[in-house]
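Listed below, chain by chain, are the residues.
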Amino acid sequence: MTTAPWRDPALPTAARVDDLLARMTLEEKTAQLYGVWVGAATDGDGVAPLQREMTSDYDWDELITHGLGQLTRSFGTAPVDPALGAQALARAQRRIAAAGRFGIPAVAHEECLAGFTAWGATAYPVPLAWGASFDPSLVEEMARHIGADLRAAGVHQGLAPVLDVVRDPRWGRVEETIGEDPYLVGTIGAAYVRGLESAGVVATLKHFAGYASSVGARNLAPVRAGVREFADVTLPPFEMALREGGARSVMAAYNETDGVPASADPALLTQLLREDWGFTGTVVADYFGIGFLETLHRVAGSPAQAAHAALEAGIDVELPTLKCYGKPLVEAVRAGEVPESLIDRAARRVLLQKCELGLLDEDWSPEPTERIDLDSPANRALARQLAEESVVLLDNPDGLLPLAPDARIAVVGPRAADALAMLGCYSFPSHVGTHHPEVPMGIDIPTVLESLRAELPDAKVTFAEGCDVSDPDTSGFEEAVARTAEADVCVAVLGDRAGLFGRGTSGEGCDVADLQLPGVQAALLDALVSTGVPVILVLLTGRPYALGRWHGQLGAVVQAFFPGEEGGPAVAGVLSGRVNPSGRLPVSVPHVPGGQPWTYLQPPLGLADEVSSLDPTPLYAFGHGRSYTSFAWEFLESPASEIDTNGSYDLTLTVRNTGTRAGTEVVQLYLHDPVASVTRPDVRLIAYQRLELAPGEASRVTFHFHPDLSAFTDRSGRRVVEPGELELRLAASSVDVRHTARLQLTGPVRTVGAGRRLLCGTEVSELPVQS
C-alpha cells in the first residue's frame, strides 16, 4: 500500500513530484542538483578538463543522508568487469536509497559517444563516421543497442550525441562531431537520440551551444560567431534533435559567445531552449562547467555566485561534483543571496525526470535483470555494418582497387598494426584504458594488417611501420621503402592517435596548428611515392588532412574516420573489393594545410576569387565519395515553377545501377539562393537519400520540398522565408551537381518559428531491373 501520494504511480507525474517537493528540506532539494564522481583521480592525468583541480573531497556516508542527484561514470572511470560493475552500482544505489528519508536513488550517467564507455563494451565508429555513412536508420539502430546495454548495466542517462557543427577542422574534437553541415548533423543526431531514448535512456545533447566555433580551433576557447551563424548553423541540429528525436536532457557548453558564458546565459538556456522551443527536460552542466564561471570565465567571485548564475540561467544539475551546488549554494540560500525558488525550479525538473525513469516507484530495484554482454555478436555486426558504410573511397583514378587477390603487398605505416588506430578518444581503451596498461583491452580489435592478411590469404603481405604517429624519428623509412620496392603495390596506413589534452593527435584538447599529417608521416608518404610502386593511401583519422601535395601521385585514397572495433575488416573489405564503398565525406578535405578555417558553407566572399592568392577550394568536397560501380541519374527537366512561400514542390529522380555489381548511391539535394536580404551560403544541404541497388536495378526518389527549408535569419533577427528565385540542385556532392530545378517563391515575406518544417520529406520506390 502506498504511503504517500508521490509514491502512487496512478497519479500524474507532476502531482507526485509536487507532493514530494513540498516534503523536502532545502538540503534534500539541493542534493538532487549535483552529481558525485566516485573514484575520480585527483592526481596525474585526467579524463576531463582540469579534473585534478576541480574534484572535491567529501564524506560519502554523510553526503548521501540528504539524497543524491547523479552518480558519475561508474563504468567509465576505471576498468571493471561489466557484471561486477553493475552489481557495485546496484549496491551504491541501495546505500543511497537507504540513507535518505525518501529512498530516492541517483540517476547514473555515462559517456556513450561511440558506444558505452565501459571495459569490454563494443567500440563503434566515431560520430564523424556516422556522418560519412549518411544512414540515419543504421545510426538509430546502433544507438538502440547502446541504450539497451546502458540500461542492462543500471545506467539511466547517456552523455551523447555531440551536435556541434564543424567550423574549423583543426579543432581536436572534430572526431566527436557528425560533420560540417547542420542538416546532416541534425538528421543523424536526431536518429541517435531516437535510438537511445527508445531503450529508456535519457539522451543528452551537447555542447549547447557554439562550442565548435572556438577562436583558433582551440578547445574551451571564446566564440565570436555572429548572430546569424549562431542561429542558422549552430542551433538547428539541437532543435532537430529535440523535436525529431525527443531528447530529454541538454548539456550546457563550456564556451563563451561574445562575452557571455553559455553556463550563465538565460537567453540561451531558458528563453530559447524552454520558452521558444518548449523543452521540458533537464539541463546539466558540462564537467566542472559551473565552477569555471569563477575560475576561467571570471564572471563570478565565488562558488556560490557561480551557482547562482548557473541556476538563474537554467542549469539544473552540476556535474560531476558539488563544488558549487553543494554547501556554498545552501549557505547562499540561507543568507538570502539566492532565492529558494530557483532550487525548487531545478529540483522539480530533476524529480520529474526521475519519476519518468521509475526511480520514485516503490517497486524500484537496482538489481540487473538480464545477463550483461556489452560486446554481443549483434553489437559487433552493427559495428561492422556501420564501419563498412562509413569508409570513403576518395580516389581510384586508374582502377587500382580492388586489389588483386594474389598481389605482393607492402603494408606500411604507424596505423597499420595498432588496434588503437581504430578508436576515438571517447572509446574506453583510448579514454581510460591507456591509464591502465596492465589491463587487457577487453575487446577484440583486428588491425588493418591482420584484416588484410585474412581478407587476401593468397597475397604476399609484408609490413614495415616506417615511423611513429607523432615522433620525428625517420630511422624506419629505409625498411619501409625496401619493403615497398619489393612489392606490386604499397598500402600506406597513416593517420591519428586519439587521446586527451595533448596526449594524442586527435581528440579533446588535441587541437592542431594546421592540417598537415602528424609527425613525419608526410615525409614517409613522399618516400613511398618516390619508389615508383603504386601507393594506396589509407587514412585512419579523426579529422580531414590536406592531401593536395600527393594529388595525382597516388594509386588510390581511402578515408576512414576512426571506424571502431570492426574497422580493420571494413577497410580491408574495401581494399579487397568485398565491400563496395558507399561512404561520403561529412567534412571537406583541403588541398593545403593552411588557409583554415574553411567549410563548404561559404557565402560568395568565402569562395575562391581573383583578389586573393589563397584558394580555399577543397581537394575533395563535402558529400564526395566514389564507388566500384556506376550509376545513371534520370531527371525530367521542367520549366521554372512558381509556388507560394508556404507551398510545396516535388522533385523526382530515377537512379539506376549501370555497373556489374551491387552498390550504393547517395543522392544529395542542395539549395542555392541567388539573391537574399543577407548573404547566404552558396549551397547548403537540405536532403539526402541512400539508394542500395543491384546491377541493373533502379529506384525512384522523390523529395518533397517546402519553402521552410529555405528559411534564414534576417537583419532584424527574425527567421523568414523570402519570395524570389531558388535553385534546387540534385548532386553527388556539394560541387558535383547533376540536375537543377528552378523555383520562384511568390507572396509576402513569411516569418517562421519553432513549428517550421525542419525535414525534407523523402519517398523511395523500386523500379524493374534492366538486364
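This report concerns the structure included in the present document. What you are looking at is a predicted structure, and each value in this text was computed from that prediction instead of being measured. Residue numbers here run from 1 along each chain, matching the order of that chain's written sequence. Given that the model is predicted, a residue must reach a pLDDT of at least 70 before its local features are reported, and side-chain atom pairs must reach 80 or more before they are shown or counted; all residues, however, enter totals for whole chains, interfaces and linings. Calculated side-chain values reflect all of the structure's heavy atoms, with hydrogen atoms and water omitted.

### What to know about the sheet that holds strand β16 (residues 631-635)
Step number 1: Each pair of strands is called paired provided DSSP finds at least two bridges between the two strands. A run of DSSP states H or I qualifies as a helix once it reaches four residues; a run of E qualifies as a strand once it reaches two. Both are numbered from the N-terminal end. Judged by pairing direction, the sheet is antiparallel, and its four strands sit side by side in the order β16-β18-β21-β27 without closing on themselves. The strands lining the two open edges of the sheet, one partner per strand, are β16 and β27 (761-767). Averaged over neighbouring strand pairs, the angle between their axes works out to 20° when direction is ignored.
Step number 2: As paired elements, β16 and strand β18 (residues 649-657) share five bridges and run antiparallel to each other. Within β18, the position partnered with Glu 634 by the bridge is Thr 654. Angles run from 0 to 180 degrees between N-to-C directions of axes, and those axes are lines fitted to C-alpha atoms, restricted for helices to the stretch in contact.

### Re the pairing of strand β20 (residues 684-693)
Step number 1: Counting buried residues in β20 gives eight out of ten residues, a clear majority hidden from the surface.
Step number 2: Pairing between strand β19 (residues 663-672) and β20: nine bridges, direction antiparallel. In the sheet register, Tyr 670 faces β20, and the bridge partner there is Leu 685. Three exposure classes are used, based on accessible area relative to the maximum for each residue type with a 1.4 Å probe and protein chains only: buried under 20%, partly exposed in between, and exposed over 50%.

### Re the layout of surface pockets
Step number 1: Only protein atoms enter the 1 Å grid used here. Points where a 1.4 Å probe fits but cannot escape make up a cavity, open sets with protein on both sides within 12 Å along at least five of seven lines make up a pocket, and a residue lines them when an atom lies within 4 Å of a point. Grid points are joined across faces, edges and corners, and a volume is the space filled by probe spheres set on the points. Quantified by volume, the largest pocket comes out at close to 720 Å³.
Step number 2: Around the largest pocket sit 30 residues that line it, and Val 227, Phe 230, Ala 231, Leu 235 and Leu 272 are the ones nearest its centre.
Step number 3: Of all the secondary-structure elements, those providing two or more residues to the lining of the largest pocket are α9 (227-234), α10 (236-245), β7 (256-257), β8 (260-261) and α11 (266-276).
Step number 4: Looking at the lining of the largest pocket, the element that brings in the most residues is α11, giving five residues.
Step number 5: Here the nonpolar group is Ala, Val, Leu, Ile, Met, Phe, Trp, Tyr, Cys and Pro; Asp, Glu, Lys and Arg are the charged ones; every other residue, Gly included, is treated as polar. Each residue belonging to the lining of the largest pocket can be placed in one class, and the counts come to 16 nonpolar, seven polar and seven charged.

### Digging into the packing of aromatic side chains
Step number 1: Planes of paired rings set the category: under 30 degrees apart is stacked, over 60 is edge-to-face and the rest tilted, where pairs are Phe, Tyr or Trp rings (Trp by its six-membered ring) whose centres lie within 6.5 Å. A full pass over the atoms with the stated rule returns 15 aromatic pairs.
Step number 2: Relative to Phe 102, the ring of Trp 6 lies with its centre 5.8 Å away and its plane at 80°, an arrangement referred to as edge-to-face. Taken together, the positions of Trp 6 in the segment before α1 (13-23) and Phe 102 in the loop between α5 (82-99) and β3 (107-111) put the pair 96 residues apart, joining distant regions of the chain. Grouping residues by exposure puts Trp 6 and Phe 102 together as buried.
Step number 3: Geometrically, a charge over a ring is one whose NZ (Lys) or CZ (Arg) sits within 6 Å of the ring centre while staying within 35 degrees of the ring normal. Above the face of the Tyr 426 ring, Lys 206 is positioned so that its terminal group lies 5.5 Å from the ring centre.

### Examining the pattern of salt bridges
Step number 1: Here a salt bridge means any side-chain nitrogen of Lys or Arg lying within 4 Å of a carboxyl oxygen belonging to Asp or Glu. Scanning the model with the defined rule gives 52 salt bridges in all.
Step number 2: Where Arg 750 meets Asp 708, a salt bridge forms, and the shortest distance between an N and an O atom there is 2.4 Å. With Arg 750 in strand β26 (residues 750-751) and Asp 708 in the loop between β21 (698-705) and β22 (712-713), the pair connects residues that are 42 residues apart, well separated along the chain. Note on accessibility: Arg 750 and Asp 708 belong to one class, buried.

### Things to note about unusual backbone geometry
Step number 1: Geometrically, the link from Phe 208 to Ala 209 is a cis peptide bond, its omega value of 0° lying close to zero.
Step number 2: Tracing the sequence through the fold places Ala 209 in the loop between β5 (202-208) and α9.
Step number 3: For the bond running from Leu 319 to Pro 320, omega is -5°, close enough to zero to count as cis.
Step number 4: With respect to the secondary-structure elements, Pro 320 resides in the loop between α13 (303-313) and α14 (327-334).
Step number 5: Even without a glycine there, the phi angle at Phe 134 is positive, about 50°.
Step number 6: Here Phe 134 is to be found in the loop between α6 (127-133) and α7 (136-152).
Step number 7: Classification of Phe 134 as buried rests on a relative accessible area of 1%.
Step number 8: The backbone of Phe 501 shows a phi angle near 55°, a positive value even though the residue is not glycine.
Step number 9: Turning to its location among the elements, Phe 501 is positioned in the loop between β13 (489-495) and α20 (521-529).

### Re the sheet that holds strand β4 (residues 157-159)
Step number 1: Read from one edge of the open sheet, seven strands run β1-β2-β3-β4-β5-β6-β9, paired in parallel fashion. Edge strands, defined here as strands with exactly one partner in the open sheet, are β1 (35-36) and β9 (282-285).
Step number 2: Where strand β2 (residues 70-72) and β3 come together, three bridges link them in parallel fashion. Paired with Gln 70 across the two strands is Val 107, which belongs to β3.
Step number 3: Residues are treated as being in contact if the distance between any of their heavy atoms lies within 4.5 Å. Lying on the sheet, α5 is in contact with β2 and β3; it crosses β2 at an angle near 150°.
Step number 4: In the packing of α10 onto the sheet, contacts are made with β5 and β6 (249-252), and the angle to β5 comes to roughly 165°.

### Focus on the side chain of Thr 321
Step number 1: Mapped onto the secondary structure, Thr 321 falls in the loop between α13 and α14.
Step number 2: Here a polar contact is taken to be a pair of N or O atoms separated by no more than 3.5 Å, where protein atoms must pair a possible hydrogen donor with a possible acceptor and residues adjacent in sequence count only if both atoms sit in side chains. A distance of 3.4 Å separates the side chain of Thr 321 from the backbone nitrogen of Lys 323, its partner in a polar contact.

Remember that the coordinates give geometry; whether it matters functionally is a separate question.
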